[in-house]
Amino acid sequence: METGANPNPMLPKFLRVVKRHRELPDTWTLDFDPVGGFPFLPGQFNMMYAFGIGEVPVSISGDPARPETLVHTIRAVGKVTEALCAAGPGTEVGIRGPYGTAWPVVEAEGGDLLIIAGGIGLAPIRPALYHIFANRSKYGRVSILIGGRSPEVLLYPAEVRQWRGRFDVEVEVTVDTSNQAWRGNVGVVTSLVRRASFDPAVTTAFVCGPEVMFRYATIELTKAGISPNRTFVSMERNMKCAIGLCGHCQYGPDFVCKDGPVFAFDKIERLFRIREV
Amino acid sequence: MKRIADLVAEHPIFADLDDADRELIAGCGRNVTFKPGELLTREGAAANEFFAIRKGKVSIGTHVPHLGDAVIETLDAGDVVGWSWLFPPYRTHFDARAIVATHTIAFDGACLRTKCESDPAFGYKLIKRFAAVMMDRMQATRLQLLDMYGNWR
Ligand SMILES: Cc1cc2nc3c(=O)[nH]c(=O)nc-3n(C[C@H](O)[C@H](O)[C@H](O)COP(=O)(O)OP(=O)(O)OC[C@H]3O[C@@H](n4cnc5c(N)ncnc54)[C@H](O)[C@@H]3O)c2cc1C
Ligand code: FES
């Protein structure tokens, strides 16, 4: 698949927000319609520049089969992400990318898929889900396990409801806390692994969410018999250049911007046990 | 119709126990079904029984004054509800409520305790299983306490 590589990778394109949608009190989705489209692979990210404030990495969360619309879902956690979330229609944002490695959706064909997403982690994995749904016949069983803090702050609730309505995927949602009004699961997302139906020998797992979540998710997956070289995680580190030059995102011998963000777990397993890498 | 010993054999908590042990356990069990909303156990009540869920979903919760009923976790087919029957003063710590129609095997705690005391080898095998479940649940609870979807990296 071709991606929309920029001739000078440090030079942002200036794109105007065409639509801004509030997902959650602190999370917004921005749509752009770049001239000529914006091809990307599921799992890749862009550097987004809020003028005069700063630049941060944000995964692309739209449909890779619809490159005419570039979609980002952003949670406001600091200065730059707050400015991006506040960017209404017509606001210009600097965007360069796409960068980084992708979820191995093609390599996983023919086997079962187990996808675990926690919190905002559903955004970076959504393009892979769109690809899988569009190519559903190429996979065996597909299980999607989604975790969130509470029912009110689950990301993309309408879409998740739609996915749950499909007969060809198993979608389980769990929250950390709730009251009796919620009739779904309560508990950590990792506890859903043993209930999902998959054949570990032919399963590929994708895990996306806070790092602490996937530390425990990978333990569950290994217990369930899924090999670490078929388990993929998306890592996050602070970034500056995003093209493997500055070393800002170094993770052991790798650069998250260039060798990641999607890594096979066996490649980084050793580093997981070392604190503050 | 299936015997209790057959239902015991199907439940993961009793997996790989031998037939004699399962018969021993089945002797303390009965088939119980709960309607949606019905309580399996009530906080503070005597913990006379525990339940192996065969089908359905159960919430474990407590009442928080001014906030209502908080759900701490949900349990499904293959899980067990209750371990207060194991330790004095044999009082239930949380409400357990069926969310949907729930089929269980209910076990008489005193009956099982007596069997464990009189056959320590059997008792050890059973308690090991419960200890594993308790460890899993405690680790999951620790993760929940982390509030990992907050502002963490
Ligand atoms: C490859 C990659 C893909 C990403 N994709 C997305 C995405 O799709 N959507 C999205 O909202 N964010 C995404 N992020 C995270 C995003 O880059 C950071 O939230 C952003 O850099 C924070 O910058 P800031 O200036 O707003 O906040 P800062 O001032 O840098 O940080 C403010 C506070 O937020 C905390 N914080 C910073 N980064 C994160 C983080 N990643 N997660 C949780 N807390 C954090 C800091 O510890 C600090 O307490 C991604 C990061 C990477 C590396
Ligand atoms: S951000 Fe510069 S090397 Fe990765």
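Look up: the structure comes first, before these words.
Reading guide: rules and limits
Residues numbered from 1 in each chain as written. Chains lettered and ligands numbered in written order. Predicted model: local features only at pLDDT ≥ 70, side-chain atom pairs only at ≥ 80, totals over all residues. Heavy atoms only, no water. Helix = DSSP H or I, 4+ residues; strand = E, 2+ residues; numbered from the N terminus. Rg over C-alpha atoms; globule rule 2.2 N^0.38 Å. Buried < 20%, exposed > 50% of the residue type's maximum accessible area, 1.4 Å probe, protein only. Contact = heavy atoms within 4.5 Å. Areas by Shrake-Rupley, 256 points an atom, 1.4 Å probe, with all protein chains shown as cover. Lys, Arg positive; Asp, Glu negative; His and termini not counted. Charge placed at Lys NZ, Arg CZ, Asp CG, Glu CD. Buried area = accessible area lost by both parts, 1.4 Å probe. Salt bridge = Lys/Arg side-chain N within 4 Å of Asp/Glu carboxyl O. Phe/Tyr/Trp six-rings, centres within 6.5 Å; stacked < 30°, edge-to-face > 60°. Lys NZ or Arg CZ within 6 Å of the ring centre and 35° of its normal. Pairing = 2+ DSSP bridges. Axes fitted to C-alpha atoms, helices over the stretch in contact; angles between N-to-C directions. 1 Å grid on protein atoms, 1.4 Å probe; cavity = no way out; pocket = protein on both sides within 12 Å on 5 of 7 lines; lining within 4 Å. Points joined across faces, edges and corners; volume = space filled by probe spheres on them. Nonpolar A, V, L, I, M, F, W, Y, C, P; charged D, E, K, R; others polar. Disulfide = S-S within 2.5 Å. Left-handed = near helix turned anticlockwise from the far one by under 90°.

### A few points about the overall build of chain B
So, step 1. Each helix and strand counted, chain B has four helices and eight strands in total.
So, step 2. Written out in order from the N terminus, the α and β elements of chain B read α-α-β-β-β-β-β-β-β-β-α-α.
So, step 3. Over its C-alpha atoms chain B spans a radius of gyration of 16 Å, differing by no more than 12% from the 15 Å that the globule rule assigns to 153 residues.
So, step 4. Once the C-alpha set of chain B is aligned to its principal axes, its extents read approximately 50 × 35 × 30 Å.
So, step 5. The burial tally for chain B puts 42% of its 153 residues in the buried class.
So, step 6. Long-range pairs, those at least 24 residues apart, make up 73% of the contacts in chain B between residues at least 6 apart in sequence.
So, step 7. Carbon and sulfur atoms form 59% of the exposed surface of chain B, whose accessible area is close to 8,000 Å².
So, step 8. Looking at chain B, you have 19 positive and 20 negative side-chain charges, and the mean spots of the two groups are 2 Å apart.

### Let's talk about the overall build of chain A
So, step 1. On a plain count of helices and strands, chain A comes out with six helices and 16 strands.
So, step 2. In summary, chain A has a C-alpha radius of gyration of 18 Å against a globular reference of 19 Å for 277 residues, a match within 12%.
So, step 3. C-alpha extents for chain A along the principal axes are approximately 45 × 45 × 40 Å.
So, step 4. For chain A, the residues scored as buried account for 56% of the 277 residues in total.
So, step 5. Residue pairs in contact within chain A that sit at least 24 positions apart in sequence constitute 71% of those at least 6 positions apart.
So, step 6. Counting only carbon and sulfur atoms, one obtains 52% of the accessible surface of chain A, whose full area is about 11,900 Å².
So, step 7. Side chains of chain A give 30 positive and 28 negative charges; the mean places of these two sets differ by 3 Å.

### Points about the interface of chain A and chain B
So, step 1. Listed by partner, the interface residues are 31 residues for chain A and 24 residues for chain B.
So, step 2. For the pairing of chain A and chain B, the buried interface totals around 2,400 Å² over both sides, and the portion due to carbon and sulfur atoms is 50%.
So, step 3. It is Asp176, Gln180 and Val186 of chain A in chain A that bury the most area against chain B; as a group they hold 24% of the surface buried on that side.
So, step 4. Viewed at the interface, chain B and chain A are joined by three salt bridges.

### A look at the packing of aromatic side chains
Both the distance between ring centres and the angle between the ring planes are used here to describe each pair of aromatic rings.
So, step 1. One pass over the structure, following the stated rule, counts 12 aromatic pairs over all chains.
So, step 2. Three or more aromatic residues joined by ring pairs make a cluster, and in this case those are Phe14, Phe50, Trp85, Phe107 and Phe130 of chain B.
So, step 3. Arg20 of chain A extends its terminal NZ or CZ atom over the ring of Trp28 of chain A, reaching a point 3.9 Å from the ring centre.

### Thoughts on the sheet that holds strand S8 (residues 102–108) of chain B
All names here are of chain B.
So, step 1. Read from one edge to the other, the open sheet built from four strands follows the order S1-S8-S3-S6, with strand pairing classed as antiparallel. Among the strands making up the open sheet, the edge pair consists of strand S1 (29–34) and strand S6 (80–81).
So, step 2. With two bridges joining them, strand S3 (residues 49–55) and S6 adopt antiparallel strand pairing. When the sheet's bridge partners are listed, Phe51 is paired in S6 with Val81.
So, step 3. Each of S3 and S8 touches helix H3 (residues 109–118); the most contacted strand, S8, lies at about 50° to it.

### Thoughts on empty space enclosed by the protein
Residues and elements named next belong to chain A.
So, step 1. In total, this model carries one cavity of 30 Å³ or more according to the counting rule given.
So, step 2. Taken as a whole, the largest cavity encloses approximately 40 Å³ of empty space.
So, step 3. As for the largest cavity, its lining consists of Gly119, Leu122, Ile146, Gly147, Gly148, Val153, Leu154 and Leu155.
So, step 4. With three residues, the single largest contributor to the lining of the largest cavity is strand S8 (residues 142–148).
So, step 5. Of the residues belonging to the lining of the largest cavity, the class tally is five nonpolar, three polar and no charged.

### What to know about the state of the cysteines
All names here are of chain B.
So, step 1. Overall, the coordinates contain one disulfide over all chains when judged by the stated rule.
So, step 2. Covalent S-S linkage joins Cys28 and Cys111, the inter-sulfur distance amounting to 1.9 Å. Sign of the S-S torsion, about -70° for the bond between Cys28 and Cys111, identifies this disulfide as left-handed. Of this pair, Cys28 sits in the loop between helix H2 (19–26) and S1 while Cys111 sits in helix H3; the two residues are 83 residues apart in sequence, bridging distant segments of the chain.
So, step 3. Residue classification places Cys28 among the buried positions, given a relative accessible area of 6%.
So, step 4. Here Cys116 is not disulfide-linked; the sulfur of Cys28 is the nearest cysteine sulfur, at 8.5 Å.
So, step 5. Judged by relative accessible area, which is 13%, Cys116 ranks as buried.

### Describing the sheet that holds strand S2 (residues 39–41) of chain B
So, step 1. Overall, antiparallel pairing links the five strands, which are arranged S10(A)-S5(B)-S4(B)-S7(B)-S2(B) in an open sheet. Looking at strand neighbours, the two that pair on one side only are strand S10 (178–179) of chain A together with S2 of chain B, the edges of this open sheet.
So, step 2. In terms of strand pairing, S10 of chain A meets strand S5 (residues 68–76) of chain B through two bridges, oriented antiparallel. Across the sheet, Ser178 of chain A pairs through a bridge with Val71 of chain B, a residue of S5 of chain B.

### Quick word on the environment of Val193 of chain A
Residues and elements named next belong to chain A.
So, step 1. Within the fold, Val193 resides in the loop between strand S11 (185–186) and strand S12 (203–208).
So, step 2. For the pair formed by Val193 and Ser143, sequence separation is 50 residues and the distance between their alpha carbons is 9.3 Å.
So, step 3. Discounting residues that sit within four places of it in the chain, Val193 has contacts with Leu114, Ile116, Leu145, Phe198, Glu220, Leu221 and Ala224.

### Regarding the packing of helix H2 (residues 122–134) of chain A against helix H3 (residues 157–164) of chain A
Residues and elements named next belong to chain A.
So, step 1. Between H2 and H3, the shortest axis-to-axis distance is 13 Å and the interhelical angle comes to 35°. In the crossing of H2 with H3, the sense of the turn from one axis to the other is left-handed. Of H3, the residues touching H2 (which contributes Leu122, Arg126, Leu129, Tyr130 and Phe133) are Glu159, Val160 and Trp163.
So, step 2. For the contact of H2 with H3, the class distribution of residues is six nonpolar, no polar and two charged.

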